[in-house]
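# Working through the structure, step by step
Below are the chains, spelled out letter by letter.
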Amino acid sequence: MPHAFLRRSIGALFFTLLVLVLVLSGMAPPAQAQIKLQIGSGASAAAMDTASSAAAGSVVTTPRVRAELVALAPQGVEPGKSIALGLLLDHQPEWHTYWTNPGDSGLPTQLQWQLPPGWDAGEIAWPTPHPIRVGSLVNYGYEGQVLLPVTVQIPSDFSADARDVTVRLQANWLICRVECIPEEGQFSLTLPTKSSTALHAGTFAQAHAQAPVALQGSSQARVDGETLKLHVTGLPAALQGQRLQVLSESPDTLHHAMQDGQDFTQQWDGADWTAVVPLSANRGQTPEDIALVLTTDKHTVVDGAVGWRTVAPVSGQWKAAAIAQVSPELAAALAKNAQASAPVQPASSGSLWLALLGALVGGLILNLMPCVFPILALKVLGFTTHGSQLREQRAAGLAYTAGVVLSFLSLGALLLALRSAGQQLGWGFQLQSPLVIAALAALFTVIGLNLAGMFEFGSFVPGSVAGKQAKSPITNAFLSGVLAVAIASPCTAPFMGASMGLAVSMPAAEALLVFAALGLGMAAPYLLASWIPAVVRWLPRPGAWMDTFRRAMAFPMFATVVWLVWVLGQQSGIDGAATLLALLVLLAALVWALGLQGRARWGFAVLSLAGGLYLATAMGHYLTTPAPAPGQQASGALWQPWSAQKVSEINTTGKPVFVDFTAAWCVTCQYNKRTTLSDSQVLAAFDNKQVHLLRADWTRQDPAITQALNQLGRSGVPVYVLYAPGKAPQILSEVLSVKEVVDAVAQL
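Owing to the predicted nature of the structure, the values given are computational and were not obtained by experimental measurement. (Residues numbered from 1 in each chain as written. Predicted model: local features only at pLDDT ≥ 70, side-chain atom pairs only at ≥ 80, totals over all residues. Heavy atoms only, no water.)

This brings us to the overall build of the chain. Scanning the chain for helices and strands turns up 21 helices and 26 strands. A buried classification covers 48% of the 748 residues belonging to the chain. Restricting to contacts in the chain with at least 6 residues of sequence separation, those with at least 24 account for 75%. Working note: accessible area of the chain is about 34,500 Å², and carbon and sulfur atoms make up 60% of it. (Helix = DSSP H or I, 4+ residues; strand = E, 2+ residues; numbered from the N terminus. Buried < 20%, exposed > 50% of the residue type's maximum accessible area, 1.4 Å probe, protein only. Contact = heavy atoms within 4.5 Å. Areas by Shrake-Rupley, 256 points an atom, 1.4 Å probe, with all protein chains shown as cover.)

This is the structure in structure tokens:
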């Protein structure tokens, strides 16, 4: 019968999804030895341990930096001699770490050594940093590759009888781009005592050349109101006439964002260099002397050096900045915000039951989501087929439930495994992969063609196989449940978002219970219907209408393909969408050809298959090539791109912010965007309260958005948040109503 062939098609193509799941499971990066990434700061930092072994190694790799413990001991490890150790940081583009004085923000890298008894590690020989401007602020740090070297003195009584010796390091660094992420790593390195260790000799030499040299002269600093007047002698003659930068090793002395020719003036008087530099508005007490590093604007090498260090005695006293006091109102608001953004603690028994209840109700409502609609045709056909065979109908209902629940468990287990391996993922993560989108589009194209009557799967397989498959309605029902989850997974129903956000922070066993409850809720209506005979009596008797209904249900399948192509276009651009459409046309031609008879069948099939292979080879890369990121919208645009920094900056001005966490593959998101968020009443309410509108697009994987969702206790979209100055973030429901948004804005 037609429905049997349809379900056989689902079974055959289901293996495509299994292969893609295996591909996704291999996306996790290899674990490094003993690394913890602490996202956020302070009490609200959420730690993720990506180590799979308790033994530390010499290399730690994060998505932002590669850190390695290196050594230079060309003569081996000899008593009474010294060796060099260091932390080699290789930053990803646009990321940086900080100097001993980080500037207006940031933290210096810290090294804590665990050395053999008697070994003495000196201070970091900091290379000359580069100023890094961020708006009106200036930080001092390093981009690209930098080595932080340390000289280690070996005691004279050290016994070098052993063949090797092990040194260990605990390092902490703050790495920033726009957002800042504290990271730490534990390192271990074994050095041979009798042979040379000089693999990184060139890197140590380069770091030594980048370190400022001691000034062969004198310097003085005199306080003059809000400025400090400097007088320096002994600089290299080749440096005379060049413009210099002044860097203070103390963060609470000079104004870091000084600009030459404005608040910072300098001049040469023969071999003497003088300057007037502004003091920091947050300066501390006047020191007896101040350590300064002088360098050229472009770190030009002069007489073999790029910087010159001097310690200038300070004459006079400046007025220390008053310590700002926090008002009781602001302190209360900060405490409330800290409490709201604190990481979710392990669930108590009460919160576990609430999470299970929310998942169950969310699963029930999930059946009403538009992304689940195309699968309803399969289930309706299944009910009418069993008729009065109650036993088979109940068995099919149980099998469908098993398929739904096991699929949710599989997706949940994969999500938890990838997150524990360091991946920044959330609910619906599989649709962030263009290959998964393409596979689903192919699957629904074939199902739509089958429903439309273009082919019957029985013509593609031997008669004996088709006969066995027709006798396995349980398997067909199970696969139907799997397919339902594949389509429903990008949706987030009411009550479901909070449960999913709580689930990913629970122990694995409790989290999987929540995913199972979600599956049980989604399958419950059909499971109950299969066990209640009255449901079947409500349906028309089997007859010719079934074939008409079957063909009509091909169109929701094709509509789903249109949606999937649009989603892929958001990820890979117009070229990616066109490539997918062309491949789907050739797939349809191949299916049509295989339904022909005689020689024409194989002739057209070979041509279609060859065309598909050629197209996949020549243009397949367009499917996975990310589309160019949309440019910054005009200042007058209604919605602006989201960033955590932008939210903070707007709130600082006293204005509220509404954030739409969305994705192109989330049907609920698109529904809300085109209804409630486009409603004239809602837009007027936003305008009256001067609410800034930001949109966080999660269509492609974005660790910053994932981190923001985690801080809100969510793991998927849609999420709608209202940020008001001095108040905790207010999270609205997943399916928005005009009244809910207007009321929330009115309370600002």
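Once you've had a look at it, read on.
As a further point, take a nonpolar patch on the surface. A cluster of nonpolar side chains, namely L357, L360, L364 and L520, defines an oily patch on the protein surface of about 320 Å² accessible area. Looking at the nonpolar patch element by element, the count peaks at 3 residues for helix 4 (residues 349–366). Residue placement: L357 occurs in helix 4. (Patch = residues over 30% accessible without salt bridge, like charges linked within 9 Å, V, L, I, M, F, W, Y side chains within 5 Å. Salt bridge = Lys/Arg side-chain N within 4 Å of Asp/Glu carboxyl O.)

Our next topic: the packing of aromatic side chains. Each aromatic ring pair is characterised by the separation of its centres together with the angle its planes make. Tallied over the entire structure, the rule returns 8 aromatic pairs. Taking the centre distance of 5.1 Å and the plane angle of 45 degrees together, the rings of F658 and F686 count as tilted. With F658 in strand 23 (residues 657–662) and F686 in helix 19 (residues 680–688), this residue pair connects regions lying 28 residues apart in the sequence. We note that F658, like F686, is buried. Counting every residue linked through ring pairs, the aromatic cluster contains W639, F658, F686 and Y720. (Phe/Tyr/Trp six-rings, centres within 6.5 Å; stacked < 30°, edge-to-face > 60°.)

This part covers the pattern of salt bridges. Under the definition given, this model contains 8 salt bridges. Residue R64 is joined to E183 by a salt bridge in which the shortest nitrogen-to-oxygen separation is 2.7 Å. Of this pair, R64 sits in the loop between strand 3 (59–61) and strand 4 (65–72) while E183 sits in strand 13 (residues 180–192), placing them 119 residues apart in sequence. The salt bridge involving D743 is made with K739; its shortest N-O contact spans 2.8 Å. With a gap of 4 residues between them, D743 and K739 both fall in helix 21 (residues 738–746), about one helical turn apart. Looking at K739, the relative accessible area reads 60%, which means it is exposed.

Along the chain, the position of T296 falls in strand 20 (residues 289–296). On the accessibility criterion, T296 (2% relative accessible area) is buried. Within the structure, T296 has its side chain in polar contact with the backbone nitrogen of T300 (distance 2.6 Å). T296 has contacts with L239, Q242, R243, L244, Q245 and V306, leaving out every residue within four places of it along the chain. (Polar contact = N/O pair within 3.5 Å; in protein donor to acceptor, adjacent residues only side chain to side chain.)

The antiparallel open sheet is built from 3 strands, whose spatial order is 6-10-9. Two strands in the sheet have a free side with no partner beyond their single neighbour: strand 6 (97–103) and strand 9 (130–134). Between one strand axis and the next, the sheet turns through 45 degrees on average, direction left out of account. Pairing analysis gives 3 bridges linking strand 6 to strand 10 (residues 137–142), with the strands arranged antiparallel. Bridge pairing in strand 10 places Y98 opposite G141. (Pairing = 2+ DSSP bridges. Axes fitted to C-alpha atoms, helices over the stretch in contact; angles between N-to-C directions.)

Here 6 bridges tie strand 15 (residues 219–224) to strand 16 (residues 227–232), and the two strands are oriented antiparallel to one another. From the neighbouring strand, R222 faces strand 16, where its bridge partner is K229. What sits between the antiparallel neighbours strand 15 and strand 16 is a turn of 2 residues, in which G225 has the positive phi angle 65 degrees.

Turning to the nonpolar core, a few remarks are in order. Counting residues in hydrophobic clusters, the biggest one holds 45 residues, and the most contacted among them are L580, W642, V659, F661, V717 and Y723. Broken down by secondary-structure element, the contributors of at least two residues to this core are helix 7 (434–451), helix 9 (473–488), helix 14 (554–594), helix 17 (644–652), strand 23, strand 24 (692–697), helix 20 (703–711) and strand 25 (719–723). Per-element tally for this core: the top contributor is helix 14, with 11 residues. Listed in part, the 40 residues of the second largest apolar core include I83, L87, L148 and I175. (Core = buried A, V, L, I, M, F, W, Y, C linked by side-chain atoms within 4.5 Å.)

Residue position: D161 is located in the loop between strand 11 (145–153) and strand 12 (164–176). Under the relative-accessibility criterion, D161 is labelled exposed at 71%. The spacing of D161 and K194 is 33 residues in sequence and 9.0 Å in space, taken between C-alpha atoms.

The next thing to look at is helix 2 (residues 201–210). Owing to its 3.6 residues per turn, the α-helix aligns residues three or four sequence positions apart on the same side. If you check which residues of helix 2 are buried, you get T203, F204 and A207. Relative to the axis of helix 2, the buried residues are bounded by an arc of 100 degrees and lie together on one face. Those residues of helix 2 that are exposed and aimed more than 90 degrees away from the buried face are G202 and H208. The elements touched by buried residues of helix 2 are strand 4, strand 5 (82–91) and strand 11. (Arc of directions from axis to C-beta.)

Once that is clear, we can look at the sheet that holds strand 22 (residues 639–641). Read from one edge to the other, the open sheet built from 5 strands follows the order 22-24-23-25-26, with strand pairing classed as mixed. Of all the strands in the sheet, just strand 22 and strand 26 (730–732) have a single pairing partner and so form its edges. Each strand of the sheet is rotated relative to its neighbour by a mean of 30 degrees, with strand direction disregarded. Sheet contacts for helix 20: strand 23, strand 24 and strand 25; angle to strand 23, the most-contacted strand, approximately 110 degrees.

Contact geometry for helix 19 and helix 21: axes closest at 9 Å, N-to-C directions at 10 degrees. In terms of axis orientation, helix 19 runs roughly parallel to helix 21. Here Q681, V682, A685 and F686 of helix 19 come into contact with helix 21, specifically with V738, V741, V742 and V745. Looking at side-chain class alone, the contact of helix 19 with helix 21 contains 7 nonpolar, 1 polar and no charged residues. (Parallel < 35°, antiparallel > 145°, perpendicular 65-115°, else oblique. Nonpolar A, V, L, I, M, F, W, Y, C, P; charged D, E, K, R; others polar.)

This part takes up the packing of helix 14 against helix 15 (residues 599–619). Their axes nearest at 8 Å, the elements helix 14 and helix 15 cross at an angle of 165 degrees. If you check the angle between helix 14 and helix 15, you find them roughly antiparallel. Classified by chirality, the crossing of helix 15 by helix 14 is left-handed. Together, T579, A582, L583, L586, A589, L590, W592, A593 and L594 of helix 14 and R601, W602, F604, A605, S608, L609, G611, G612, L615, A616 and M619 of helix 15 make up the contact between the two elements. Grouping the constituent residues of the contact of helix 14 with helix 15 by class yields 15 nonpolar, 4 polar and 1 charged. (Left-handed = near helix turned anticlockwise from the far one by under 90°.)

On to helix 15. A rise of 1.5 Å per residue sets the reference length of helix 15, with its 21 residues, at 30 Å; its end C-alpha atoms lie 30 Å apart and thus fit the reference within 8%. At its buried positions, helix 15 is contacted by helix 14. (Expected span 1.5 Å × (residues − 1).)

The subject of this paragraph is unusual backbone geometry. The backbone of E94 sits at a positive phi, close to 80 degrees, despite the residue not being glycine. By the secondary structure assignment, E94 is in the loop between strand 5 and strand 6. We classify E94 as exposed; its relative accessible area is 58%. At Q690, a residue that is not glycine, the phi angle is positive and equals roughly 55 degrees. Residue placement: Q690 occurs in the loop between helix 19 and strand 24.

Let us now look at the confidence of the model for the chain. In the predicted model, the chain carries a mean pLDDT of 76, and the fraction of residues at 70 or more is 75%. Overall, residues 1–55 carries pLDDT values under 50, and its contacts beyond four positions in sequence, including any with other chains, amount to 122 contacts. Every residue in residues 336–349 is under pLDDT 50, and counting partners more than four places away or in other chains gives 18 contacts. (pLDDT = per-residue confidence, 0-100.)

Within the secondary structure, Q245 is located in strand 17 (residues 244–248). Among all residues touching Q245, those that are not within four sequence positions of it are P131, V293, L294, T295, T296 and D297.

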